[in-house]
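An overview of the molecular structure
What follows is the residue order along each chain.
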Amino acid sequence: MARVNQNFKKLPGGYLFPEIGRRVRAFSAQNPPMPLIRLGIGDVTLPLAPAVVEAMVKASREMGVKETFRGYCEETCCAYDFLRFAIRDDYQARGVDIADDEIFVSDGAKSDCGSIGDIFSVDNVVAVCDPVYPVYVDTNAMAGRAGDFDGERWTELVYLPCTAENGFFPELPLGKAPDLIYICSPNNPTGAAATYEQLKVWVDYANAHGSVILFDSAYEAFIREEGVPHSIFEVEGAKTCAIEFRSFSKSAGFTGNRCAYTVIPKVLERDGVSLRDLWNRRQGSKFNGVPYVIQRAAEAALSPQGKAQTKAAIDYYLKNAQVIRDGLSAAGLTVYGGVNAPYLWVKTPNNTPSWDFFDVLLKRACVVTTPGAGFGPSGEGYVRVTAFGDADATREAVQRMISVL
Ligand SMILES: *Cc1c(COP(=O)(O)O)cnc(C)c1O
């Protein structure tokens, strides 16, 4: 008889977003006095850049012609040279020297962050920031690296609290060093972006202990301040201890298009084995690449024209972030993030529990946010507000939120 992976039974059942959905549906059924404004979503809303659309149309036509039709991609790392070279040049523009065969193009940073565990032993100790993007936790729980869920925490994970006191960037843990360390900067959900010095501390630690940093920089295109690295590989020493996950989802509005990449430097070895080679082997066996049309679209997003157009979209979201930040701060709330990220991390007034404040905003302001507690124990006392909405709706949402404080 087939038996299931028992680790799945331990998962608390996708609590956060289903529960938000339930509360929103129940409230909507009671005919709310105003239309809901959703500032809870972590998804882009602006359309693809014209340069990207043009590239997709052109590539689609090529697929319909015998001479230019493409089947399986036979090039290095399951991706066409044109895209790997464009990504390499994009790194080069920031002074980071990455070889094109260290770049693995994929259908998403979510899948890569989850699948990377395949190349690591199941007995590695995993550290995650708290609050955290749930993918890192759930995928390690499925693999059997997280232990049991005790209602609040996984027994075998190392939680690195990210709080107002430490500027939402984790301090080094005491005791035995974790083997795998997930860091996301700019951060989802807190909106905090790590400085060079902050990252350097972790790079030195990882090199000293043989740990590997799994660095998620899905939001690097939102960085506007100096001194904030766009890539972990801008930090000296990172090539011998870090893997970087990047995505076109938030940088170029590709959440529905699906294209991302993972960078593993050849010098990164553990147990005398190249992690780049292991990932290459893993991808070769479990993945067949991203559609040609989408790879052309991603290439176009990195062209000068594409860059200018996608930057305009990000500026639009960052303007929303500023509107939320300024409005809520002026009304007396403590607001973090939103400067180098599309997320604002808002302290609830008078230490209201985050689900209660979520309910107040939903029922009295008809604004949907995300309760911080859903991202981990240290998220209690916060709600996440996103800047991905329509500008007018965002302005109105801020006014409504202020009016119910
Ligand atoms: C949105 C997001 C991603 C991107 O995932 P894709 O699968 O590439 O769409 C990765 N990491 C974080 C933290 C995110 O919020």
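Residues numbered from 1 in each chain as written. Predicted model: local features only at pLDDT ≥ 70, side-chain atom pairs only at ≥ 80, totals over all residues. Heavy atoms only, no water.

1. With respect to unusual backbone geometry
- Cis geometry marks the peptide bond from Ser-185 to Pro-186, where omega comes out at -10 degrees.
- Position of Pro-186 relative to the elements: it lies in the loop between strand E5 (180–184) and helix H6 (196–209).
- Here Asn-188 and Pro-189 are connected by a cis peptide whose omega angle stands at 15 degrees.
- Inspection of the secondary structure puts Pro-189 in the loop between E5 and H6.
- Backbone geometry at Asp-271 places phi at a positive 55 degrees, although glycine is not the residue there.
- Tracing the chain through its elements places Asp-271 in the loop between strand E9 (269–270) and strand E10 (273–274).
- Residue Asn-351 is not a glycine yet carries a positive backbone phi of 55 degrees.
- Secondary-structure assignment places Asn-351 in the loop between strand E12 (343–347) and helix H11 (354–365). (Helix = DSSP H or I, 4+ residues; strand = E, 2+ residues; numbered from the N terminus.)

2. Observations concerning the sheet that holds strand E11 (residues 335–337)
- Read from one edge to the other, the open sheet built from four strands follows the order E11-E12-E15-E14, with strand pairing classed as antiparallel. Single-partner strands in this sheet number two, and they are E11 and strand E14 (370–371).
- Relative to strand E15 (residues 382–386), E12 is paired through five bridges, and the arrangement is antiparallel. Of the residues in E15, the one forming a bridge with Lys-347 is Tyr-382.
- Along the sheet, helix H10 (residues 304–330) contacts E11, E12 and E15; its crossing angle with E11, the most-contacted strand, is approximately 155 degrees. (Pairing = 2+ DSSP bridges. Contact = heavy atoms within 4.5 Å. Axes fitted to C-alpha atoms, helices over the stretch in contact; angles between N-to-C directions.)

3. Quick look at the sheet that holds strand E2 (residues 103–106)
- The sheet built from seven strands is open, its strands ordered E2-E8-E7-E6-E5-E3-E4 with mixed pairing. Bordering the open sheet on either side are E2 and strand E4 (158–161), each of which pairs with just one other strand. When the angles between neighbouring strand axes are averaged without regard to direction, this sheet yields 20 degrees.
- Direction of pairing for E2 relative to strand E8 (residues 260–263): antiparallel, over a ladder of four bridges. Note on E8: the bridge partner recorded for Val-105 is Tyr-261.

4. Here we look at empty space enclosed by the protein
- One pass over the structure, following the stated rule, counts one cavity of 30 Å³ or more.
- In this structure, the largest cavity spans a volume of roughly 40 Å³.
- In terms of lining, the largest cavity is formed by Cys-129, Pro-131, Val-132, Tyr-133, Tyr-136, Tyr-182, Cys-184, Asn-187 and Asn-188.
- By residue class, the composition of the lining of the largest cavity is seven nonpolar, two polar and no charged. (1 Å grid on protein atoms, 1.4 Å probe; cavity = no way out; pocket = protein on both sides within 12 Å on 5 of 7 lines; lining within 4 Å. Points joined across faces, edges and corners; volume = space filled by probe spheres on them. Nonpolar A, V, L, I, M, F, W, Y, C, P; charged D, E, K, R; others polar.)

5. Here's the deal with the layout of surface pockets
- One number sums up the size of the largest pocket: a volume of about 1,200 Å³.
- As for the largest pocket, its lining consists of 43 residues, and the residues nearest its centre are Leu-16, Phe-17, Tyr-133, Pro-134 and Val-135.
- The set of elements that each furnish at least two residues to the lining of the largest pocket consists of helix H1 (16–28), helix H4 (109–115), helix H5 (134–143) and helix H7 (248–252).
- For the lining of the largest pocket, the element with the most residues is H5, which contributes six residues.
- Among the residues forming the lining of the largest pocket, the class breakdown is 24 nonpolar, 11 polar and eight charged.
- In this model, the second largest pocket occupies a volume close to 530 Å³.
- Lining the second largest pocket are 26 residues; nearest its centre among them are Asp-90, Glu-220, Ala-221, His-230 and Lys-307.

6. Regarding the site of the ligand
- Close to the ligand lie 14 residues; Asp-216, Tyr-219, Ser-247, Ser-249 and Lys-250 are nearest.
- A distance of 3.0 Å is found between an oxygen atom of the ligand and a backbone nitrogen or oxygen belonging to Lys-110.
- Contacts to the ligand include Tyr-219, whose side-chain N or O atom sits 2.6 Å from an oxygen atom.
- Here the ligand has 390 Å² of accessible area as a free molecule, and 93% of this is covered by the chains.
- According to the grid-proximity analysis, the pocket containing the ligand is the largest pocket.
- Of all the secondary structure elements, the ones that give two or more residues to the shell around the ligand are H4 and H7.
- Tallied by class, residues from the shell around the ligand come to six nonpolar, four polar and four charged. (Near = heavy atom within 4 Å. Polar contact = N/O pair within 3.5 Å; in protein donor to acceptor, adjacent residues only side chain to side chain. Areas by Shrake-Rupley, 256 points an atom, 1.4 Å probe, with all protein chains shown as cover. Sits in = over half its atoms within 2 Å of the grid points.)

No statement about biological role is implied by the geometric values presented.
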